[in-house]
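A look at the structure
The chain contents come next:
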Protein chains: 4
Amino acid sequence: MSKIRIGIIGAGRIGKIHADNLRRFANAEIVGVSDLFAGPELEAWAAERGIGLLTKDSGDLVNHPGIDALYICSSTDTHVPLIKQAAQAGKHIFCEKPISMDIGQTEEAIEAVRKAGVKLQIGFNRRFDHNFKRVREHVLGGTIGEPHIVKITSRDPSPPPKEYIKVSGGLFMDMAIHDFDMARYLSGSEVTEVYAQGSVLVDSAFAEYGDVDTAITTLKFENGALGVIDNSRKAVYGYDQRVEVFGSKGSVAVANDFPNTAVVSTADGIASDKPLHFFLERYTEAYLDETRMFLDSLANGTPLPVDGYDGLQAERIALAAKLSLRLGRPVKISELHDLRAQMAQ
Amino acid sequence: MSKIRIGIIGAGRIGKIHADNLRRFANAEIVGVSDLFAGPELEAWAAERGIGLLTKDSGDLVNHPGIDALYICSSTDTHVPLIKQAAQAGKHIFCEKPISMDIGQTEEAIEAVRKAGVKLQIGFNRRFDHNFKRVREHVLGGTIGEPHIVKITSRDPSPPPKEYIKVSGGLFMDMAIHDFDMARYLSGSEVTEVYAQGSVLVDSAFAEYGDVDTAITTLKFENGALGVIDNSRKAVYGYDQRVEVFGSKGSVAVANDFPNTAVVSTADGIASDKPLHFFLERYTEAYLDETRMFLDSLANGTPLPVDGYDGLQAERIALAAKLSLRLGRPVKISELHDLRAQMAQ
Amino acid sequence: MSKIRIGIIGAGRIGKIHADNLRRFANAEIVGVSDLFAGPELEAWAAERGIGLLTKDSGDLVNHPGIDALYICSSTDTHVPLIKQAAQAGKHIFCEKPISMDIGQTEEAIEAVRKAGVKLQIGFNRRFDHNFKRVREHVLGGTIGEPHIVKITSRDPSPPPKEYIKVSGGLFMDMAIHDFDMARYLSGSEVTEVYAQGSVLVDSAFAEYGDVDTAITTLKFENGALGVIDNSRKAVYGYDQRVEVFGSKGSVAVANDFPNTAVVSTADGIASDKPLHFFLERYTEAYLDETRMFLDSLANGTPLPVDGYDGLQAERIALAAKLSLRLGRPVKISELHDLRAQMAQ
Amino acid sequence: MSKIRIGIIGAGRIGKIHADNLRRFANAEIVGVSDLFAGPELEAWAAERGIGLLTKDSGDLVNHPGIDALYICSSTDTHVPLIKQAAQAGKHIFCEKPISMDIGQTEEAIEAVRKAGVKLQIGFNRRFDHNFKRVREHVLGGTIGEPHIVKITSRDPSPPPKEYIKVSGGLFMDMAIHDFDMARYLSGSEVTEVYAQGSVLVDSAFAEYGDVDTAITTLKFENGALGVIDNSRKAVYGYDQRVEVFGSKGSVAVANDFPNTAVVSTADGIASDKPLHFFLERYTEAYLDETRMFLDSLANGTPLPVDGYDGLQAERIALAAKLSLRLGRPVKISELHDLRAQMAQ
């Protein structure tokens, strides 16, 4: 059995997670890592893991003849050019979300991938979460009948730093995009219309950049179901990621994960620990599983669990939400083309 | 201590509940009951309870010199005329929700009450629910800081009969009106804008009458918070009444009530019984407590827990929701006056 | 329909509860109440409830020709003589637990009842609890197969006053007796052997009277199942009453009841309110239901849900537990006769 | 930083788990593996993991100059001789539980370790479980005050094969030994007395070997607390591992772990998935953490989290439980010496 040879572009927090996960698969091998800020610290990190090639130039990986697939974990603005280069070089691609903040560019990237005949998986890690997968299984399996209402709660423990807010693309493109993908994943149906309400209640820094920190987004699905997502940039009790799908035969709901099941009863009341703090703790296994399925797809030709089209659709919903908030009215996905044209004028 | 003498107008299901609850208070006495369909069965019912006066004519109670207060439990279309008559006769009033389906008429009824100087309590029974009261206490007590998001789930176990759907006033005025009151009650703030999405997914009978059976309504509050209510006419697993208020310092959420806490673990999985079936089971104590507080207000002058204005505001939100669904856009409460004028043309 | 005419002997806390519960049944009427300490306060209480006869002499009720049944709610030492008198007078009897602290006397009381052909229900109120009833239904219905292990947790929120401890009969006869009845009720099998461990960990007052405040009692059942009860006189978080029955096909477990379902999530963790404080709050409905079934049995001849034999068996287990603790070894129920004879010498 | 060089004796299920866990630590290296049944399959397994040395002879590892520490994962009867050999060879030791089924031999092994000055960690993996650790933290931290009652539920999903039952040492030495260790770990106190009840309710094969499959064991602790453990060899709903410690200031309890948090509500009731199936699923992270702490102790001199003495004490309690069941009376740990002497005659 030959190993799948991997290059990782961008060795920030998420790039390192993918590296450590890849090391746990006997059929994968990390050939090289590129990072703009490669230095002594990263060299030590790579050495400990037996990674032979460390470079500042992503081109060294893209053009490396001994690499089969690339993990694109660099900043969002680099995704589209890297996808195009990688596709042209015949490399399979795992790319973090979002592909880009511009639907036109995302479409170009997807087209490049299609032409090259390579595989492109998008890092919608939550699809691999044990809880959300179980919801999806119940929905697809018919346990709850026809879906009528999809509810998603998605709250971060604390807002990102100001400099990140500025370039984040806004709450809908940066944060809720996971939830938009989840809405499609759980309902098994496409979103057709979006209405978003948003407020700045957490930190006025969001207002400075025309962003919001609290939002409720309602969705209409092709199959007639309705959806609602509530987002906050700051849940002081920790990462809050829950969903419920309600349908003609019942509902299925998942709660948060907790570090333990300890319940303390005292004269003051009943108490337990907060949920797992943030995405790294909550989605540890999900990150491992998305890589497992990517490797499986490369090794055995199984279908990708989440591809470029999924990335594109989530971005479309995010854009519709942004426009809805700006226009103060519901926005149809089918309107996006015209609305973008108008705005471009 | 003299007893508060009560007349009950309308001896249907809810009128009978109020009667049995009143009998548990030592300081209340049911003087008479009126019902259009008074007959042998109702006579037996009244006799068992030692109720001396049974009549088909509500006027016999309204004009009865030995009656201090009236419970109006007859059909919605009779509420406004009865409130006016009762007020004129100097009787205190407990009236089931909604006061009417026409905001103008509701305003007239409230004005009549104000002029007469009598008390008017509206039957928003859920305010007295042990769970929702606890949420309110936490919100008012500052446990969760400033409210940012108010979420209400409100689903009935099964749709009403077709003949009721026809005259119900629609999902927003008939069913969600409780939730609109709850939104005000829990947030401690007024609703300023409403956007409603609705679908017919449960029963096409709703479509026949221009109604929906599934809805998601988003709210904006004066204090900047956002709200969302999801409604369904049919939750096959039973009455589903949950709320969550999320704020700057945390969240408080309440789940359904269950007939028991039994958890069965077998080779098939973990199972427990469904929630309490419907409002009669769920709100048994709440119905008792709303009467307790009404009697307290009459006996001791304590403030009414929910008054005519609360009834009116909930109707305004319901009307805004109806109009939002019809117009396909968010509707401000401040627009209602103009929109009603336009529609009246 | 003629009403069942009731006399209540002992108008302490529990006697008053039975009185108010009886008032809610249309087919019952409280004819009189006796209490050694009858005075102005009790007179007012009786007057409010329209109870015509208030006396210090229980004989006035026992011998009252217009009384069908007696509730014996006076102190434990009066139970046996009152049962004998009532039986002789042809009155049906509802008697609080325990019948007595002496098995010989209890047997005499039961024999008197049998001879007189009257009914005797014992106040094992927990059998009527919604949770425990559901466990029993599952066990009898076969949901969990053959019972293997019965676990009962039974802890009071705070110890009784010192003067009560002195005359209480000790933890096993006073407190755990409910659990011994529950063990029989849930398992559907008789207890054959008892081993008890006990400690004084809560309050040294218990040691003064040769009593314990913390105990673990293990049981063997006729059907081969094992049982365990843990008791404490002081659970600072409130009344703790849970059971689990584990069997060949699974388990069924019930948790405590809570005043509400509110869950508060803050930076400090997840919190909720303590369980219902004590038996009056926890078993409100159970007290009502035991009276309902007693009245049903008198009116319609349905079987008593818990009778004198049940009272006797629970006392036997309690005695075995006491002896086990004293002897430091397991004690068989079948040994009790001999052990009592030895001790009598 | 030099790596800790490890040899693994016994490459069955648990040996392989330790191997894969060791591979995740950058400061550990598996030098060799021995297994009586080493063959092509095991060779492939070792090759995939880059393990250079595979042998049938454990001596090849014990006497290997390039090995610092040994994992003893072979059958229980080999533990004591291997510990003695390893100690003599100056190797640190991680040994699966129990050390042996004979207290005298266990004492000899511990003495050999002490003399050699090597480290010996026992595989009481449950101490590293996230739930049980949290209970211990609360107990040691004083959250619940003085411990009064320690309750442990420990049930396997299905009984072992008949041939294993025969050599297992019986329920107390094979299965409950984990719970005996847990009792010491959670209470922070030594067990002084044991009373065990047991039945054969699951499978008559247990009776054939003088064993039981269902047991309730009560414990007395030095600090006055009481304890109770209930064991079953067959919980059809899966691995059931829960504990509760109740004390003067409250209680702390932990529930099972589940594969997901999905709750399904349908017309049939509320349902969720069974707990994690067995120890491999439940204690995945605990196995990793016990190795982490073993390596830490070797690398940094931190204290061992569980040592030979802990192994010995758990065996003493297990022996007391066995004798209690046989003798039908409570057995003190301090009696063990005499009882063993009597039995040896």
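For clarity, every value in this text was computed on a predicted model and none was experimentally measured. (Residues numbered from 1 in each chain as written. Chains lettered and ligands numbered in written order. Predicted model: local features only at pLDDT ≥ 70, side-chain atom pairs only at ≥ 80, totals over all residues. Heavy atoms only, no water.)

Moving on to the sheet that holds strand β2 (residues 28-34) of chain C. Residues and elements named next belong to chain C. A sheet is described by the order of its strands in space; here 6 strands give the open sequence β3-β2-β1-β4-β5-β6, paired in parallel fashion. Edge positions in the open sheet fall to β3 (53-55) and β6 (120-122), since each of these has one partner strand only. Adjacent strand axes in the sheet meet at a mean angle of 20 degrees, parallel and antiparallel pairs treated alike. As defined by bridge partners, strand β1 (residues 4-9) adjoins β2 across 6 bridges and the pair is classed as parallel. By the bridge assignment, I4 is partnered in β2 with A28. (Pairing = 2+ DSSP bridges. Helix = DSSP H or I, 4+ residues; strand = E, 2+ residues; numbered from the N terminus. Axes fitted to C-alpha atoms, helices over the stretch in contact; angles between N-to-C directions.)

Before going further, it helps to examine the packing of helix α1 (residues 13-23) of chain C against helix α12 (residues 284-300) of chain C. When two helices pack together, their arrangement is given by the angle between their axes and by how far apart the axes lie. All names here are of chain C. At a minimum axis separation of 9 Å, α1 and α12 run at an interaxial angle of 65 degrees. For the crossing formed where α1 meets α12, the hand is right-handed. Residues I14, I17, H18, N21 and L22 of α1 lie in contact with α12, whose contacting residues are Y287, L288, E290, T291 and L295. When grouped by side-chain class, the residues that make up the contact of α1 with α12 number 6 nonpolar, 3 polar and 1 charged. (Left-handed = near helix turned anticlockwise from the far one by under 90°. Contact = heavy atoms within 4.5 Å. Nonpolar A, V, L, I, M, F, W, Y, C, P; charged D, E, K, R; others polar.)

What follows is about the domain arrangement of chain A. Interfaces are often sized by the accessible area lost when the parts come together. Residues and elements named next belong to chain A. On domain assignment, one finds that chain A holds domain 1 (4-118) and domain 2 (127-283 + 312-339). For domain 1 versus domain 2, the distance between C-alpha centres works out to 28 Å. Facing the 12 residues of domain 1 at the interface are 14 residues of domain 2. In total, domain 1 and domain 2 occlude about 1,000 Å² of area from one another, counting both sides; carbon and sulfur atoms represent 69% of this. By the criterion of area lost to domain 2, the three top residues of domain 1 are K97, M101 and I103, representing 52% of everything that side buries. (Domains from an automatic or database assignment. Buried area = accessible area lost by both parts, 1.4 Å probe.)

With that settled, consider the pattern of salt bridges. All names here are of chain B. Under the counting rule described, the total for this entry stands at 121 salt bridges over all chains. Here R292 and D289 are joined by a salt bridge, their closest N and O atoms 3.0 Å apart. On the criterion of helical spacing, the pair formed by R292 and D289 is a turn pair, its members being 3 residues apart in helix α12 (residues 284-300). Since its relative accessible area comes to 36%, R292 is described here as partly exposed. (Salt bridge = Lys/Arg side-chain N within 4 Å of Asp/Glu carboxyl O. Buried < 20%, exposed > 50% of the residue type's maximum accessible area, 1.4 Å probe, protein only.)

Attention now moves to the relation of the copies chain A and chain B. Placing chain A over chain B gives an RMSD of 0.0 Å and needs a rotation angle of 180 degrees, together with 0.0 Å of translation along the axis. Classification of the inter-copy transformation places it as that of a two-fold axis. Relative to the rotation axis, the closest C-alpha in chain A is found at A:R329, a distance of 2.8 Å. A share of 100% of the interface residues of chain A reappears at the interface of chain B, consistent with the copies meeting face to face through the same patch. (Least-squares fit on C-alpha atoms with pLDDT ≥ 70 in both.)

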